[in-house]
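What follows is the residue order along each chain.
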Amino acid sequence: MRVALLTREYPPEVYGGAGVHVDFLSRHLRELVELSVLCMGAPGPRPAPDGSGASGRAPAAMAVTGYAETDPALTDANPALRVFSTDLALAAAVATSGADLVHSHTWYANLGGHLAGLLADIPHVVTAHSLEPLRPWKVEQLGGGYRLSSWAERTAFEAAAAVVAVSDGMRRDVLAAYPTLDPARVHVVRNGIDTGLYAPVPPVGPATDRAELVRAELGIDPDRPYVVFVGRITRQKGVPHLLRAALRFAPDAQVVVLAGAPDTPELAAETDAAVDALRAARTGVVVEPSMLAREDLVGVLAGAAVFVCPSVYEPLGIVNLEAMACSVPVVASDVGGIPEVVDDGVTGLLVHYDRADPVAFERGLADAVNEVLADPTRAAAMGAAGRRRAVSEFGWSAIAEQTLAVYTAAGA
(Lines give C-alpha, C1' and ligand atoms only; values in the text may rest on other atoms or scores of the structure.)
Protein backbone atom coordinates (compact mmCIF):
# COMPACT_ATOMS: atom_id res chain seq x y z
CA MET A 1 0.00 0.00 0.00
CA ARG A 2 1.31 3.47 -0.93
CA VAL A 3 0.35 6.11 1.64
CA ALA A 4 0.91 9.88 1.54
CA LEU A 5 1.05 11.37 5.06
CA LEU A 6 0.29 15.12 5.20
CA THR A 7 1.28 17.24 8.20
CA ARG A 8 2.29 20.73 9.13
CA GLU A 9 4.91 19.63 11.67
CA TYR A 10 7.73 17.22 11.02
CA PRO A 11 11.27 17.04 12.44
CA PRO A 12 13.13 19.20 12.97
CA GLU A 13 10.13 21.57 13.01
CA VAL A 14 8.01 20.05 15.77
CA TYR A 15 6.31 22.22 18.38
CA GLY A 16 3.33 20.19 19.57
CA GLY A 17 1.86 16.77 20.20
CA ALA A 18 0.62 16.32 16.62
CA GLY A 19 4.17 16.66 15.32
CA VAL A 20 5.46 14.15 17.85
CA HIS A 21 2.66 11.78 16.83
CA VAL A 22 3.49 11.98 13.11
CA ASP A 23 7.21 11.60 13.78
CA PHE A 24 6.87 8.33 15.67
CA LEU A 25 3.92 6.97 13.68
CA SER A 26 5.92 7.34 10.46
CA ARG A 27 8.86 5.39 11.93
CA HIS A 28 6.61 2.38 12.47
CA LEU A 29 4.26 2.79 9.50
CA ARG A 30 7.16 2.65 7.05
CA GLU A 31 7.60 -0.99 8.00
CA LEU A 32 3.99 -1.72 6.97
CA VAL A 33 3.40 0.48 3.89
CA GLU A 34 5.28 2.42 1.25
CA LEU A 35 5.21 5.83 2.93
CA SER A 36 5.80 9.39 1.80
CA VAL A 37 5.57 12.35 4.16
CA LEU A 38 4.66 15.80 2.84
CA CYS A 39 5.10 18.51 5.46
CA MET A 40 5.10 22.29 5.77
CA GLY A 41 8.15 24.36 6.59
CA ALA A 42 11.64 24.37 5.09
CA PRO A 43 11.23 23.32 1.44
CA GLY A 44 12.89 20.34 -0.19
CA PRO A 45 13.84 16.78 0.74
CA ARG A 46 14.45 15.87 4.37
CA PRO A 47 16.15 12.84 5.91
CA ALA A 48 13.78 9.96 6.58
CA PRO A 49 13.95 8.40 10.05
CA ASP A 50 15.09 4.85 10.49
CA GLY A 51 12.45 2.16 10.79
CA SER A 52 11.69 1.10 14.33
CA GLY A 53 12.69 -2.51 13.73
CA ALA A 54 9.89 -3.57 16.04
CA SER A 55 7.94 -5.45 13.39
CA GLY A 56 10.87 -7.54 12.23
CA ARG A 57 10.19 -6.36 8.66
CA ALA A 58 12.64 -4.43 6.52
CA PRO A 59 11.36 -0.84 6.26
CA ALA A 60 10.05 0.16 2.84
CA ALA A 61 11.36 3.17 0.98
CA MET A 62 10.24 6.47 2.49
CA ALA A 63 10.46 10.03 1.19
CA VAL A 64 10.05 13.20 3.25
CA THR A 65 9.51 16.51 1.43
CA GLY A 66 8.91 19.98 2.85
CA TYR A 67 6.71 22.65 1.27
CA ALA A 68 7.09 26.29 2.28
CA GLU A 69 4.29 28.74 3.09
CA THR A 70 5.91 31.40 0.92
CA ASP A 71 3.52 32.36 -1.89
CA PRO A 72 4.77 35.93 -2.54
CA ALA A 73 1.25 37.08 -3.37
CA LEU A 74 0.15 36.15 0.15
CA THR A 75 3.03 37.53 2.20
CA ASP A 76 0.77 39.93 4.10
CA ALA A 77 -2.36 37.77 3.99
CA ASN A 78 -4.11 36.06 6.88
CA PRO A 79 -2.05 33.03 8.05
CA ALA A 80 -4.89 30.66 7.16
CA LEU A 81 -4.69 31.71 3.51
CA ARG A 82 -0.94 31.04 3.47
CA VAL A 83 -1.60 27.57 4.87
CA PHE A 84 -4.24 26.96 2.20
CA SER A 85 -1.77 27.91 -0.54
CA THR A 86 0.59 25.22 0.73
CA ASP A 87 -2.32 22.77 0.88
CA LEU A 88 -2.74 23.27 -2.87
CA ALA A 89 0.89 22.30 -3.41
CA LEU A 90 0.47 19.24 -1.19
CA ALA A 91 -2.66 18.15 -3.07
CA ALA A 92 -0.95 18.55 -6.44
CA ALA A 93 2.03 16.48 -5.30
CA VAL A 94 -0.12 13.67 -3.90
CA ALA A 95 -2.32 13.54 -6.99
CA THR A 96 0.67 12.72 -9.20
CA SER A 97 2.46 10.43 -6.73
CA GLY A 98 0.53 7.22 -7.31
CA ALA A 99 -0.58 7.06 -3.66
CA ASP A 100 -3.36 4.63 -2.78
CA LEU A 101 -4.47 6.67 0.26
CA VAL A 102 -3.82 10.11 1.76
CA HIS A 103 -3.76 10.67 5.53
CA SER A 104 -3.80 14.23 6.94
CA HIS A 105 -3.13 15.54 10.43
CA THR A 106 -4.71 18.75 11.87
CA TRP A 107 -6.65 21.42 10.00
CA TYR A 108 -3.41 22.76 8.54
CA ALA A 109 -3.15 19.71 6.28
CA ASN A 110 -6.81 18.59 6.14
CA LEU A 111 -7.66 20.72 3.12
CA GLY A 112 -4.65 19.36 1.23
CA GLY A 113 -5.73 15.82 2.03
CA HIS A 114 -9.33 16.48 1.01
CA LEU A 115 -8.36 18.00 -2.32
CA ALA A 116 -5.81 15.24 -2.99
CA GLY A 117 -8.44 12.61 -2.36
CA LEU A 118 -10.80 14.27 -4.85
CA LEU A 119 -8.11 14.81 -7.49
CA ALA A 120 -6.68 11.30 -7.34
CA ASP A 121 -9.93 9.51 -6.42
CA ILE A 122 -8.32 7.84 -3.40
CA PRO A 123 -9.53 7.52 0.22
CA HIS A 124 -8.71 10.37 2.59
CA VAL A 125 -8.18 9.56 6.28
CA VAL A 126 -7.95 12.35 8.86
CA THR A 127 -6.58 12.14 12.39
CA ALA A 128 -8.31 14.41 14.90
CA HIS A 129 -5.70 15.80 17.27
CA SER A 130 -8.01 18.67 18.27
CA LEU A 131 -11.23 20.22 16.99
CA GLU A 132 -11.63 23.81 15.86
CA PRO A 133 -15.19 24.18 17.29
CA LEU A 134 -13.75 23.39 20.73
CA ARG A 135 -10.95 25.95 20.43
CA PRO A 136 -12.76 29.30 20.10
CA TRP A 137 -9.76 31.13 21.54
CA LYS A 138 -7.97 30.49 18.21
CA VAL A 139 -9.78 33.55 16.88
CA GLU A 140 -7.27 35.60 18.94
CA GLN A 141 -4.48 34.14 16.81
CA LEU A 142 -6.13 33.79 13.39
CA GLY A 143 -8.84 36.45 13.36
CA GLY A 144 -11.14 35.71 10.43
CA GLY A 145 -8.81 32.86 9.55
CA TYR A 146 -10.43 30.88 12.38
CA ARG A 147 -13.58 30.69 10.26
CA LEU A 148 -11.43 29.36 7.41
CA SER A 149 -9.68 26.77 9.57
CA SER A 150 -13.06 25.66 10.92
CA TRP A 151 -14.46 25.36 7.40
CA ALA A 152 -11.46 23.34 6.20
CA GLU A 153 -11.71 20.94 9.13
CA ARG A 154 -15.47 20.45 8.76
CA THR A 155 -15.21 19.91 5.00
CA ALA A 156 -12.44 17.34 5.36
CA PHE A 157 -14.02 15.46 8.27
CA GLU A 158 -17.48 15.20 6.72
CA ALA A 159 -16.08 13.88 3.43
CA ALA A 160 -13.35 11.61 4.85
CA ALA A 161 -13.37 7.88 4.26
CA ALA A 162 -12.33 7.48 7.89
CA VAL A 163 -11.62 9.68 10.91
CA VAL A 164 -9.11 8.66 13.56
CA ALA A 165 -9.77 9.99 17.07
CA VAL A 166 -6.86 9.82 19.52
CA SER A 167 -9.11 8.94 22.48
CA ASP A 168 -12.62 7.81 23.33
CA GLY A 169 -13.29 11.31 24.58
CA MET A 170 -12.15 12.76 21.27
CA ARG A 171 -14.41 10.35 19.37
CA ARG A 172 -17.39 11.64 21.38
CA ASP A 173 -16.34 15.21 20.62
CA VAL A 174 -15.96 14.47 16.89
CA LEU A 175 -19.46 13.00 16.65
CA ALA A 176 -20.94 15.88 18.66
CA ALA A 177 -19.18 18.53 16.56
CA TYR A 178 -19.98 16.84 13.24
CA PRO A 179 -23.28 14.96 13.74
CA THR A 180 -23.65 14.07 10.05
CA LEU A 181 -20.63 11.74 10.33
CA ASP A 182 -21.38 8.04 10.25
CA PRO A 183 -20.13 6.75 13.65
CA ALA A 184 -18.84 3.62 11.89
CA ARG A 185 -16.28 5.82 10.10
CA VAL A 186 -14.82 7.21 13.35
CA HIS A 187 -12.12 4.97 14.82
CA VAL A 188 -10.14 5.31 18.06
CA VAL A 189 -6.35 4.92 17.72
CA ARG A 190 -4.61 6.47 20.69
CA ASN A 191 -1.36 8.39 20.71
CA GLY A 192 1.69 6.42 21.70
CA ILE A 193 5.06 6.84 23.32
CA ASP A 194 8.53 5.51 22.56
CA THR A 195 9.48 4.13 25.96
CA GLY A 196 13.03 3.56 24.78
CA LEU A 197 13.58 7.29 24.24
CA TYR A 198 11.36 8.46 27.09
CA ALA A 199 12.67 6.58 30.10
CA PRO A 200 14.10 7.19 33.56
CA VAL A 201 17.68 8.45 33.51
CA PRO A 202 20.10 5.90 35.03
CA PRO A 203 21.55 6.89 38.41
CA VAL A 204 25.09 7.08 36.98
CA GLY A 205 26.61 7.43 33.55
CA PRO A 206 26.83 9.89 30.63
CA ALA A 207 23.05 10.41 30.47
CA THR A 208 23.00 11.40 34.13
CA ASP A 209 25.93 13.76 33.66
CA ARG A 210 24.20 15.39 30.70
CA ALA A 211 20.90 15.70 32.57
CA GLU A 212 22.60 17.35 35.54
CA LEU A 213 24.38 19.78 33.21
CA VAL A 214 21.15 20.75 31.44
CA ARG A 215 19.34 21.29 34.74
CA ALA A 216 22.21 23.45 35.97
CA GLU A 217 22.18 25.50 32.76
CA LEU A 218 18.45 26.10 33.22
CA GLY A 219 19.05 27.25 36.80
CA ILE A 220 17.36 24.31 38.56
CA ASP A 221 18.62 23.85 42.12
CA PRO A 222 19.64 20.17 42.58
CA ASP A 223 18.81 20.32 46.28
CA ARG A 224 15.16 21.29 45.85
CA PRO A 225 12.31 19.29 44.26
CA TYR A 226 10.75 20.76 41.18
CA VAL A 227 7.39 20.71 39.44
CA VAL A 228 7.63 20.80 35.64
CA PHE A 229 5.32 21.83 32.80
CA VAL A 230 6.07 21.21 29.11
CA GLY A 231 3.90 22.66 26.36
CA ARG A 232 2.94 25.59 24.20
CA ILE A 233 1.67 28.86 25.62
CA THR A 234 -1.82 28.72 24.19
CA ARG A 235 -5.22 29.02 25.85
CA GLN A 236 -5.67 25.29 25.47
CA LYS A 237 -2.73 24.44 27.75
CA GLY A 238 -3.90 26.50 30.74
CA VAL A 239 -0.51 28.03 31.57
CA PRO A 240 -1.96 31.09 33.38
CA HIS A 241 -3.92 28.70 35.62
CA LEU A 242 -0.69 26.86 36.45
CA LEU A 243 1.20 30.05 37.26
CA ARG A 244 -1.53 31.24 39.61
CA ALA A 245 -1.80 27.79 41.21
CA ALA A 246 1.96 27.78 41.76
CA LEU A 247 1.58 30.64 44.24
CA ARG A 248 0.24 27.95 46.59
CA PHE A 249 2.84 25.23 45.94
CA ALA A 250 4.96 24.06 48.87
CA PRO A 251 7.64 26.69 49.62
CA ASP A 252 10.61 24.41 48.90
CA ALA A 253 9.32 23.36 45.45
CA GLN A 254 10.71 24.91 42.29
CA VAL A 255 8.48 25.65 39.30
CA VAL A 256 9.99 24.81 35.90
CA VAL A 257 8.04 25.93 32.82
CA LEU A 258 9.35 24.71 29.47
CA ALA A 259 7.12 26.54 27.00
CA GLY A 260 7.26 27.83 23.47
CA ALA A 261 6.32 31.28 22.19
CA PRO A 262 2.81 32.48 23.12
CA ASP A 263 0.13 32.38 20.43
CA THR A 264 -0.66 36.10 20.68
CA PRO A 265 0.85 39.30 22.14
CA GLU A 266 -2.09 39.48 24.56
CA LEU A 267 -1.39 35.99 25.90
CA ALA A 268 2.31 36.82 26.11
CA ALA A 269 1.54 39.87 28.25
CA GLU A 270 -0.80 37.87 30.49
CA THR A 271 1.77 35.10 30.92
CA ASP A 272 4.62 37.52 31.60
CA ALA A 273 2.56 39.26 34.28
CA ALA A 274 1.75 35.95 35.95
CA VAL A 275 5.43 34.92 35.88
CA ASP A 276 6.44 38.26 37.42
CA ALA A 277 3.85 37.83 40.18
CA LEU A 278 5.07 34.30 40.87
CA ARG A 279 8.72 35.37 41.02
CA ALA A 280 7.80 38.17 43.38
CA ALA A 281 6.17 35.65 45.72
CA ARG A 282 8.66 32.76 45.68
CA THR A 283 12.11 31.64 44.56
CA GLY A 284 12.98 28.85 42.18
CA VAL A 285 10.89 29.90 39.18
CA VAL A 286 12.49 28.76 35.91
CA VAL A 287 10.96 29.69 32.56
CA GLU A 288 12.63 28.42 29.37
CA PRO A 289 11.07 29.61 26.08
CA SER A 290 13.32 27.68 23.70
CA MET A 291 12.70 24.07 22.75
CA LEU A 292 15.08 21.57 24.29
CA ALA A 293 16.59 18.70 22.37
CA ARG A 294 14.64 15.52 23.06
CA GLU A 295 17.37 13.90 25.16
CA ASP A 296 17.71 17.08 27.22
CA LEU A 297 13.94 17.25 27.74
CA VAL A 298 13.99 13.66 28.99
CA GLY A 299 16.69 14.59 31.48
CA VAL A 300 14.56 17.43 32.86
CA LEU A 301 11.39 15.34 32.95
CA ALA A 302 13.07 12.40 34.66
CA GLY A 303 14.38 14.56 37.49
CA ALA A 304 11.03 16.16 38.32
CA ALA A 305 9.11 15.44 41.49
CA VAL A 306 5.79 16.10 39.69
CA PHE A 307 4.69 16.77 36.14
CA VAL A 308 1.68 19.07 35.86
CA CYS A 309 -0.75 19.36 32.92
CA PRO A 310 -3.31 22.16 33.49
CA SER A 311 -4.96 21.92 30.04
CA VAL A 312 -8.50 23.22 29.65
CA TYR A 313 -8.89 21.15 26.46
CA GLU A 314 -6.84 18.07 25.59
CA PRO A 315 -7.84 15.26 23.21
CA LEU A 316 -5.29 12.92 24.81
CA GLY A 317 -2.20 14.71 26.15
CA ILE A 318 0.92 13.03 24.84
CA VAL A 319 3.04 15.06 27.28
CA ASN A 320 1.48 13.09 30.11
CA LEU A 321 2.66 9.88 28.46
CA GLU A 322 6.15 11.33 28.13
CA ALA A 323 6.26 12.09 31.85
CA MET A 324 4.81 8.72 32.80
CA ALA A 325 7.37 6.92 30.63
CA CYS A 326 10.06 8.77 32.62
CA SER A 327 8.52 7.42 35.88
CA VAL A 328 7.21 10.82 36.98
CA PRO A 329 3.83 11.18 38.76
CA VAL A 330 1.35 13.39 36.91
CA VAL A 331 -1.11 15.97 38.19
CA ALA A 332 -3.52 16.87 35.38
CA SER A 333 -6.93 18.30 34.63
CA ASP A 334 -9.72 15.80 33.99
CA VAL A 335 -10.61 17.10 30.52
CA GLY A 336 -10.88 15.28 27.19
CA GLY A 337 -8.80 12.14 26.86
CA ILE A 338 -6.51 12.78 29.84
CA PRO A 339 -8.43 10.36 32.14
CA GLU A 340 -7.72 7.64 29.55
CA VAL A 341 -3.99 8.17 30.15
CA VAL A 342 -3.62 9.25 33.79
CA ASP A 343 -5.06 6.63 36.14
CA ASP A 344 -6.35 8.78 39.01
CA GLY A 345 -4.76 7.76 42.30
CA VAL A 346 -2.47 5.22 40.60
CA THR A 347 -0.22 7.06 38.12
CA GLY A 348 -1.08 10.53 39.35
CA LEU A 349 -3.97 12.74 40.40
CA LEU A 350 -6.73 14.29 38.31
CA VAL A 351 -8.18 17.71 39.11
CA HIS A 352 -11.66 18.71 37.99
CA TYR A 353 -11.78 21.62 35.56
CA ASP A 354 -14.85 23.83 35.49
CA ARG A 355 -14.64 26.79 33.12
CA ALA A 356 -17.10 28.65 35.34
CA ASP A 357 -14.87 28.36 38.43
CA PRO A 358 -11.17 28.83 37.52
CA VAL A 359 -10.26 29.71 41.12
CA ALA A 360 -11.42 26.29 42.34
CA PHE A 361 -9.44 24.64 39.53
CA GLU A 362 -6.27 26.51 40.46
CA ARG A 363 -6.74 25.65 44.12
CA GLY A 364 -7.27 22.00 43.17
CA LEU A 365 -4.08 21.96 41.10
CA ALA A 366 -2.08 23.35 44.00
CA ASP A 367 -3.59 20.92 46.51
CA ALA A 368 -2.89 17.92 44.25
CA VAL A 369 0.71 18.97 43.57
CA ASN A 370 1.33 19.52 47.27
CA GLU A 371 -0.22 16.13 48.08
CA VAL A 372 2.25 14.38 45.79
CA LEU A 373 5.20 16.46 47.00
CA ALA A 374 4.40 15.66 50.62
CA ASP A 375 4.67 11.88 50.14
CA PRO A 376 7.80 10.89 48.17
CA THR A 377 7.14 7.18 48.69
CA ARG A 378 3.69 7.42 47.15
CA ALA A 379 5.06 9.66 44.39
CA ALA A 380 7.67 7.03 43.50
CA ALA A 381 4.98 4.34 43.37
CA MET A 382 2.87 6.51 41.05
CA GLY A 383 5.89 7.11 38.83
CA ALA A 384 6.62 3.38 38.60
CA ALA A 385 2.97 2.62 37.82
CA GLY A 386 2.98 5.29 35.11
CA ARG A 387 6.04 3.74 33.49
CA ARG A 388 4.43 0.30 33.47
CA ARG A 389 1.24 1.70 31.95
CA ALA A 390 3.13 3.58 29.24
CA VAL A 391 5.10 0.46 28.28
CA SER A 392 2.17 -1.96 28.31
CA GLU A 393 -0.61 0.10 26.71
CA PHE A 394 0.83 2.82 24.48
CA GLY A 395 3.47 1.23 22.26
CA TRP A 396 3.83 2.68 18.74
CA SER A 397 4.07 -0.69 16.99
CA ALA A 398 0.50 -1.57 17.98
CA ILE A 399 -0.67 1.92 17.03
CA ALA A 400 0.85 1.58 13.55
CA GLU A 401 -0.92 -1.76 13.09
CA GLN A 402 -4.22 -0.20 14.20
CA THR A 403 -3.68 2.68 11.77
CA LEU A 404 -3.10 0.22 8.93
CA ALA A 405 -6.40 -1.47 9.85
CA VAL A 406 -8.15 1.92 9.49
CA TYR A 407 -6.59 2.34 6.04
CA THR A 408 -7.96 -1.05 5.02
CA ALA A 409 -11.41 -0.18 6.39
CA ALA A 410 -11.29 3.09 4.45
CA GLY A 411 -10.96 1.15 1.22
CA ALA A 412 -7.25 1.42 0.43
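Provided above is the structure to which this section pertains.
Parameters at a glance
- Residues numbered from 1 in each chain as written.
- Predicted model: local features only at pLDDT ≥ 70, side-chain atom pairs only at ≥ 80, totals over all residues.
- Heavy atoms only, no water.
- Helix = DSSP H or I, 4+ residues; strand = E, 2+ residues; numbered from the N terminus.
- Buried < 20%, exposed > 50% of the residue type's maximum accessible area, 1.4 Å probe, protein only.
- Contact = heavy atoms within 4.5 Å.
- Areas by Shrake-Rupley, 256 points an atom, 1.4 Å probe, with all protein chains shown as cover.
- Lys, Arg positive; Asp, Glu negative; His and termini not counted.
- Charge placed at Lys NZ, Arg CZ, Asp CG, Glu CD.
- Phe/Tyr/Trp six-rings, centres within 6.5 Å; stacked < 30°, edge-to-face > 60°.
- Lys NZ or Arg CZ within 6 Å of the ring centre and 35° of its normal.
- Axes fitted to C-alpha atoms, helices over the stretch in contact; angles between N-to-C directions.
- Parallel < 35°, antiparallel > 145°, perpendicular 65-115°, else oblique.
- Left-handed = near helix turned anticlockwise from the far one by under 90°.
- Nonpolar A, V, L, I, M, F, W, Y, C, P; charged D, E, K, R; others polar.
- Expected span 1.5 Å × (residues − 1).
- Arc of directions from axis to C-beta.
- Pairing = 2+ DSSP bridges.
- Right-handed = clockwise from strand over helix to strand, strands pointing away.
- Disulfide = S-S within 2.5 Å.

Draft legend 1. Here's a closer look at the overall build of the protein. Of regular secondary structure, the protein possesses 14 helices and 14 strands. The 412 residues of the protein split such that 54% are buried. Considering only residue pairs separated by 6 or more positions, the protein has 71% of its internal contacts joining residues 24 or more positions apart. When the accessible surface of the protein is summed, it comes to about 16,200 Å², and 56% of that surface belongs to carbon and sulfur atoms. In the protein, the 32 positive side-chain charges and the 48 negative ones have mean positions that sit 2 Å from each other.

Draft legend 2. Structural detail: the packing of aromatic side chains. Applying the stated criterion across every chain, the model contains 7 aromatic pairs. The ring centre of Phe24 lies 4.9 Å from the NZ or CZ of Arg27, which sits over that ring.

Draft legend 3. Region of interest: the packing of helix H3 (residues 106-120) against helix H5 (residues 145-159). Here H3 crosses H5 at 50°, and the two axes come no closer than 8 Å. Considered as vectors, H3 and H5 are oriented oblique to each other. The hand of the H3/H5 crossing is left-handed. Touching Trp107, Asn110, Leu111 and His114 of H3 are Ser149, Trp151, Ala152, Glu153, Thr155, Ala156, Phe157 and Ala159, all from H5. Its residues assigned to classes, the contact of H3 with H5 shows 7 nonpolar, 4 polar and 1 charged.

Draft legend 4. Quick peek at H5. With 15 residues, H5 should reach 21 Å at 1.5 Å per residue; the first-to-last C-alpha distance of 21 Å fits that figure. Taken residue by residue, H5 has Gly145, Tyr146, Ser149, Ser150, Ala152, Glu153, Ala156 and Phe157 as its buried positions. Buried residues of H5 fall within an arc of 160° about the axis and therefore sit on the same side. Against helix H2 (79-95), H3, strand S6 (124-128), helix H4 (139-142), strand S7 (162-165) and helix H6 (168-177) lie the buried residues of H5.

Draft legend 5. Here's a closer look at the packing of helix H12 (residues 358-373) against helix H13 (residues 376-393). Where H12 meets H13, the axes come as close as 6 Å, and the angle between the chain directions of the two elements is 100°. When the interaxial angle is binned, H12 and H13 end up roughly perpendicular. Across from Glu371, Val372 and Leu373 in H12, the residues of H13 making contact are Pro376, Arg378, Ala379 and Met382.

Draft legend 6. Representation of the sheet that holds strand S14 (residues 348-351) in the model. Overall, parallel pairing links the 6 strands, which are arranged S11-S10-S9-S12-S13-S14 in an open sheet. Strands with a single pairing partner mark the edges of an open sheet, and in this sheet they are strand S11 (285-288) and S14. Between one strand and the next, the sheet's axes are offset by a mean angle of 20°, whatever the strand orientation. Those strands touched by helix H10 (residues 294-302) are strand S9 (226-231), strand S10 (254-259) and strand S12 (306-309), and its axis lies near 145° from that of S9.

Draft legend 7. Focus on the environment of Ala93. Structurally, Ala93 is set in helix H2. Measuring from C-alpha to C-alpha, the distance between Ala93 and Ser36 comes to 11 Å, with 57 residues separating the pair along the chain. Ignoring anything within four residues of it in the chain, the contact list for Ala93 reads Leu38 and Tyr67.

Draft legend 8. Just the pairing of strand S1 (residues 2-7), in detail. Among the 6 residues in S1, 5 count as buried, and that is most of the element. Bridge count between S1 and strand S2 (residues 34-40): 6 bridges; the pairing is parallel. Across the sheet, residue Ala4 finds its bridge partner in S2, namely Ser36. Between the parallel elements S1 and S2, the chain passes through helix H1 (residues 17-29) in a crossover that is right-handed. Of the strand pairs in this sheet, S1 and strand S5 (residues 101-105) are connected by 4 bridges, and their pairing is parallel. The residue of S5 that forms the bridge with Leu5 is His103.

Draft legend 9. Quick peek at the state of the cysteines. Taken as a whole and judged by the stated rule, the model has 0 disulfides. The thiol sulfur of Cys309 is not disulfide-bonded, and the nearest other cysteine sulfur, from Cys326, lies at 15 Å. For Cys309, a relative accessible area of 2% puts it in the buried group.

Draft legend 10. Quick peek at unusual backbone geometry. The residue after Pro11, namely Pro12, is reached through a cis peptide bond having omega 10°. Residue position: Pro12 is located in the loop between S1 and H1. Phi at Thr106 is positive, roughly 70°, even though this residue is not glycine. Within the secondary structure layout, Thr106 lies in helix H3. In this structure Thr106 comes out as buried when scored by relative accessible area, which is 16%. Positive phi, close to 55°, is recorded for Asp121, a residue that is not glycine.

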